[in-house]
Amino acid sequence: QVQLVESGGGLVQAGGSLRLSCTASGSTFSIDAMGWYRQAPGKQRELVAAISDGGRLKYTDSVKGRFTISRDGAKNRVSLQMNSAKPDDTAVYFCCAGRYASSAAYFSMTYWGQGTQVTVSS
């Protein structure tokens, strides 16, 4: 079992910055990838960013150039640095962890945090 503990959500003005952090504990040997999903009101859940131990990266197009994901493998910690925040970034953000499936170039996330609210005001 892997537990994910999130922090850093809150309210930020448009154009501002926010940093989300997540630490994995438990059977962390079983994961080699971590990332962040978000779900905005009335919208589908979306993978925002993900990173594998091998350096594979994925960002959804809408955050490229604004958000940066980083992972500290030794501490099983992942952060999402959110810069130039937009009101459309408002969502519940979920830390996630799992495996990178190289055969399909796919992040298979099987563990989830509780979610943290990010609100960007205009």
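The text that follows walks through the structure, step by step, so that each part is easy to find. (Residues numbered from 1 in each chain as written. Predicted model: local features only at pLDDT ≥ 70, side-chain atom pairs only at ≥ 80, totals over all residues. Heavy atoms only, no water.)

## Topic: the nonpolar core
Step number 1: By size, the foremost hydrophobic cluster in this structure holds 28 residues, and its most contacted members are Met34, Trp36, Leu80 and Tyr93.
Step number 2: Looking at this core, the elements with two or more residues in it are strand 1 (2–7), strand 3 (18–26), strand 4 (33–39), strand 5 (46–52), strand 7 (67–72), strand 8 (77–82), strand 9 (91–101) and strand 11 (116–121).
Step number 3: If we skip the residues at most four places from it in the chain, Tyr93 touches Glu6, Leu20, Trp36, Tyr37, Arg38, Val48, Phe67, Leu80, Met82, Gly115, Thr116 and Val118.
Step number 4: Counting residues in each nonpolar core, the second largest holds nine residues, with Tyr37, Leu47, Tyr100 and Met109 among its members. (Core = buried A, V, L, I, M, F, W, Y, C linked by side-chain atoms within 4.5 Å. Buried < 20%, exposed > 50% of the residue type's maximum accessible area, 1.4 Å probe, protein only. Helix = DSSP H or I, 4+ residues; strand = E, 2+ residues; numbered from the N terminus. Contact = heavy atoms within 4.5 Å.)

## What about unusual backbone geometry?
Step number 1: The phi dihedral of Ser84 is positive, around 50°, even though this residue is not glycine.
Step number 2: With respect to the secondary-structure elements, Ser84 resides in the loop between strand 8 and strand 9.

## Quick look at the environment of Ser79
Step number 1: Among the structural elements, Ser79 can be located in strand 8.
Step number 2: Not counting residues within four places of it along the chain, the set of residues in contact with Ser79 comprises Arg19, Leu20, Ser21, Trp36, Thr68, Ile69 and Ser70.
Step number 3: Of note is the side chain of Ser79, whose polar atom sits 3.4 Å from the side chain of Ser21. (Polar contact = N/O pair within 3.5 Å; in protein donor to acceptor, adjacent residues only side chain to side chain.)

## Things to note about the packing of aromatic side chains
Step number 1: Applying the stated rule across the entire model yields two aromatic pairs.
Step number 2: Plain terms: the ring middles of Tyr37 and Trp112 are 4.9 Å apart, the flat faces sit at 55° to each other, and that makes the pair tilted. Placement of the pair is Tyr37 in strand 4 and Trp112 in strand 10 (residues 106–112), with a sequence separation of 75 residues.
Step number 3: Judged by relative accessible area, Tyr37 falls into the buried class, the value being 16%.
Step number 4: For Trp112, a relative accessible area of 36% translates into the label partly exposed.
Step number 5: With a centroid separation of 4.9 Å and 55° between ring planes, the pair formed by Tyr100 and Phe107 is classed as tilted.
Step number 6: Lying over the aromatic face of Phe94, Arg45 brings its terminal NZ or CZ to 4.3 Å of the ring centre. (Phe/Tyr/Trp six-rings, centres within 6.5 Å; stacked < 30°, edge-to-face > 60°. Lys NZ or Arg CZ within 6 Å of the ring centre and 35° of its normal.)

## Here we look at the pairing of strand 8
Step number 1: Pairing analysis gives six bridges linking strand 3 to strand 8, with the strands arranged antiparallel. If you follow Thr23 over to strand 8, its bridge partner there is Arg77.
Step number 2: As defined by bridge partners, strand 7 adjoins strand 8 across six bridges and the pair is classed as antiparallel. Residue pairing in the sheet places Arg71 in a bridge with Val78 of strand 8. (Pairing = 2+ DSSP bridges.)

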